[in-house]
Amino acid sequence: MTSPTSITLTGAPTPSGLAFAVTRNEEARSAAEREEILANPGFGNYFTDHMVDLCWSVKGGWHRPRVSPYGPIQLEPSAAVLHYAQEIFEGLKAYRHEDGSIWTFRPEANAARMQRSAYRLALPQLPVEYFIDSLKQLIALDGDWVPSAPETSLYLRPFMFAKEAFLGVRPANKVAYYLIASPAGAYFSGGVNPVSIWLSDHWSRAGKGGTGAAKTGGNYASSLLPQAEAAEHGCAQVLFLDSVEGKYLEELGGMNVVLVYKDGTLVTPESDSILEGITLESVLQLARDRGHTVEQRKVTIDEWRVGVESGDIVEVFACGTAAVITPIGELKSDTFTVGDITAPPGELTMALRQELTDIQYGRVRDRHNWMVRLDG
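Just so it is clear, the model here is predicted, and its values are computed rather than measured.

About the thresholds
Residues numbered from 1 in each chain as written. Predicted model: local features only at pLDDT ≥ 70, side-chain atom pairs only at ≥ 80, totals over all residues. Heavy atoms only, no water. Helix = DSSP H or I, 4+ residues; strand = E, 2+ residues; numbered from the N terminus. Buried < 20%, exposed > 50% of the residue type's maximum accessible area, 1.4 Å probe, protein only. Contact = heavy atoms within 4.5 Å. Core = buried A, V, L, I, M, F, W, Y, C linked by side-chain atoms within 4.5 Å. Phe/Tyr/Trp six-rings, centres within 6.5 Å; stacked < 30°, edge-to-face > 60°. Lys NZ or Arg CZ within 6 Å of the ring centre and 35° of its normal. Axes fitted to C-alpha atoms, helices over the stretch in contact; angles between N-to-C directions. Parallel < 35°, antiparallel > 145°, perpendicular 65-115°, else oblique. Left-handed = near helix turned anticlockwise from the far one by under 90°. Nonpolar A, V, L, I, M, F, W, Y, C, P; charged D, E, K, R; others polar. pLDDT = per-residue confidence, 0-100. Pairing = 2+ DSSP bridges. Expected span 1.5 Å × (residues − 1). Patch = residues over 30% accessible without salt bridge, like charges linked within 9 Å, V, L, I, M, F, W, Y side chains within 5 Å. Areas by Shrake-Rupley, 256 points an atom, 1.4 Å probe, with all protein chains shown as cover. Salt bridge = Lys/Arg side-chain N within 4 Å of Asp/Glu carboxyl O.

Break down the overall build of the protein for me, citing the residues and quoting the values.
Helix and strand content of the protein: eight helices and 19 strands. By principal-axis analysis of the C-alpha atoms, the protein measures approximately 70 × 50 × 35 Å. A buried classification covers 53% of the 376 residues belonging to the protein. For the protein, long-range pairs separated by at least 24 residues make up 70% of all intrachain contacts whose partners lie at least 6 apart in sequence.

Would you mind going over the environment of D302 in detail, with residue names and values included?
Along the polypeptide, D302 turns up in helix α7 (residues 301-310). Exposure remark for D302: the relative accessible area of 42% places this residue in the partly exposed category. The sequence separation of D302 and Y248 amounts to 54 residues, and the corresponding C-alpha distance is 8.8 Å.

Account for the nonpolar core, with residues named and values stated.
Membership of the largest hydrophobic core comes to 38 residues, with the highest contact counts inside it found for L54, F131, L156, M160 and Y177. For this core, the element with the most residues is helix α4 (residues 128-142), which contributes seven residues. The contact partners of L156, leaving out residues within four places of it in the chain, are E90, G91, L92, K93, A94, T104, L135, L179, I180, A181 and L374.

Run through the packing of aromatic side chains, naming residues and quoting values.
Per the stated rule, a full pass over the model turns up nine aromatic pairs. Both rings, one in F105 and one in W370, keep their centres 5.5 Å apart while their planes meet at 80 degrees; by these two values the pair is edge-to-face. With F105 in strand β7 (residues 102-105) and W370 in the loop between α8 (347-360) and β19 (371-373), the pair connects residues that are 265 residues apart, well separated along the chain. A relative accessible area of 7% places W370 in the buried class. Within the aromatic cluster, the residues linked to one another by ring pairs are F159, F161 and Y178. The ring of Y248 has K298 sitting right over it, with the charged end atom 4.9 Å from the ring centre.

Can you lay out the packing of helix α3 (residues 107-120) against α4 for me, pointing to particular residues and giving the numbers?
In the contact formed by α3 and α4, the axes pass within 9 Å of each other and the chain directions differ by 125 degrees. Considering the angle they form, α3 stands oblique to α4. In the packing of α3 onto α4, the handedness of the crossing is right-handed. Side by side, α3 and α4 meet where P107, E108, N110, A111, M114 and Q115 of the first sit next to V128, F131, I132 and L135 of the second. Its residues assigned to classes, the contact of α3 with α4 comprises seven nonpolar, two polar and one charged.

Before we move on, could you go through the packing of helix α6 (residues 278-289) against α8 and cite the residues and values that matter?
Between α6 and α8, whose axes approach to 10 Å, the crossing angle comes to 110 degrees. It follows from the interaxial angle that α6 and α8 lie roughly perpendicular. In terms of crossing hand, the pair formed by α6 and α8 is right-handed. When α6 is examined against α8, the residues T279, S282, V283, L286 and A287 are found in contact with a partner set consisting of L352, E355, L356 and I359. Residues belonging to the contact of α6 with α8 are distributed by class as follows: six nonpolar, two polar and one charged.

Can you break down the confidence of the model for the protein residue by residue, with the values?
Per-residue confidence for the protein gives a mean pLDDT of 94; residues scoring 70 or more make up 96%. Note on residues 1-5: pLDDT is under 50 here. Beyond four places in sequence and across chains, it has 10 contacts.

An account of the pairing of strand β8 (residues 153-162) is requested, with residue identities and associated values reported.
Most of β8 sits out of view: nine of its 10 residues are buried. Direction of pairing for strand β5 (residues 87-89) relative to β8: antiparallel, over a ladder of three bridges. Its bridge partner lying in β8, I88 is registered against M160. As paired elements, strand β6 (residues 92-96) and β8 share three bridges and run antiparallel to each other.

Give me α3: which residues, what numbers.
Across its 14 residues, α3 extends 20 Å between first and last C-alpha, which sits within 8% of the 20 Å expected from 1.5 Å per residue. Along α3, the positions that sit buried rather than exposed are P107, A109, N110, A111, R113, M114, S117 and A118.

Can you break down a nonpolar patch on the surface residue by residue, with the values?
Taken together, I73, L75 and L82 make up a surface patch of nonpolar side chains, about 240 Å² in accessible area. Note that L75 resides in the loop between β4 (61-69) and α2 (80-84).

Mind laying out the pattern of salt bridges, listing which residues take part and the relevant values?
Applying the stated criterion across every chain yields a total of 20 salt bridges. Linking R113 and E90 is a salt bridge whose minimum nitrogen-to-oxygen distance equals 2.8 Å. Taken together, the residues R113 in helix α3 and E90 in the loop between β5 and β6 connect sequence positions 23 residues apart. Note that E276 is salt-bridged to R116, the shortest N-O span being 3.6 Å. Highlighted residues: E276 in the loop between β14 (266-269) and α6 and R116 in helix α3, separated in sequence by 160 residues.

Can you explain unusual backbone geometry? Please cite residues and give values.
Here the phi dihedral of E151 falls at roughly 65 degrees; this positive angle occurs in a residue that is not glycine. Within the secondary structure, E151 sits in the loop between α4 and β8. At N369, a position not held by glycine, the phi torsion is positive, near 55 degrees. Tracing the backbone shows N369 in the loop between α8 and β19. We classify N369 as exposed; its relative accessible area is 64%.

Okay, structure coming up:
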């Protein structure tokens, strides 16, 4: 919460031209309190001391950039987002390198994807330079929240929503962009182990021509019931099929899926209902660098099942920002189970995961120039 004695300072314009008004949180956690949290943060349980926001309106465009103490957002009960779900978000991480510097991974790709999501949800497109500026502004105050333990990071959550107070089905004339951050512990604290996946043959994540390719909250809300069903069957995630024919792979509740064939080819589903994965794109590039053939095409559920049973498919993994790469050991449904949950993770799966995380944490050369420094 903001203390009455907080002082707001307006900094010099950033390279993007924005001059952020900065209000420091006079009730920020102490170093000891912060270190206690960072020792075991989990995921999404704690938040840093500050947040960033920008306003947008039809008349004024993007304006009032500011950094302020983390705290409640005040909205009218008639705010459009509460009634018409005009909302999008992104997710990326800040990593502490061995020399203490703070970096993030391909933020321009997240910014561009947020623009595509905004277009689909009839929201204004935040300029890429504003997006990256917001990350740097938050790290300038909350950089000490970036942990240094292995496999840990600071998760960055930019989001945008319609805040105009009105009831009516039309794009909102007033919109807010925010950025908050949450320290994240190691996703696989006990080592990377294969998981079981439940096949949803009744529910769909998104429909043809819908919002599946946008990163909007409604897509995740629609996955919650199938995800609960997956948990009831002892599975960590749910796999969705297309909503038209019900036979083509799409994605998991929050991750993309990749099949590895015995000839070294990597295949991932292609559909206009799938969210374009930045981790997926990066992993596929690293595979190409190793000389592997990569295919993005329609894939049926029978191709997965028969391929694993015949030995033609030798590895399957999921990938996304949170876990990076997760090996899939078993696919279960009401009618079949395929795979072996007791088998070790695939060799290529683990090699790609190691290479990508080595790049993110600065342990190997970043030959694709994917990393962007946020501090200093």
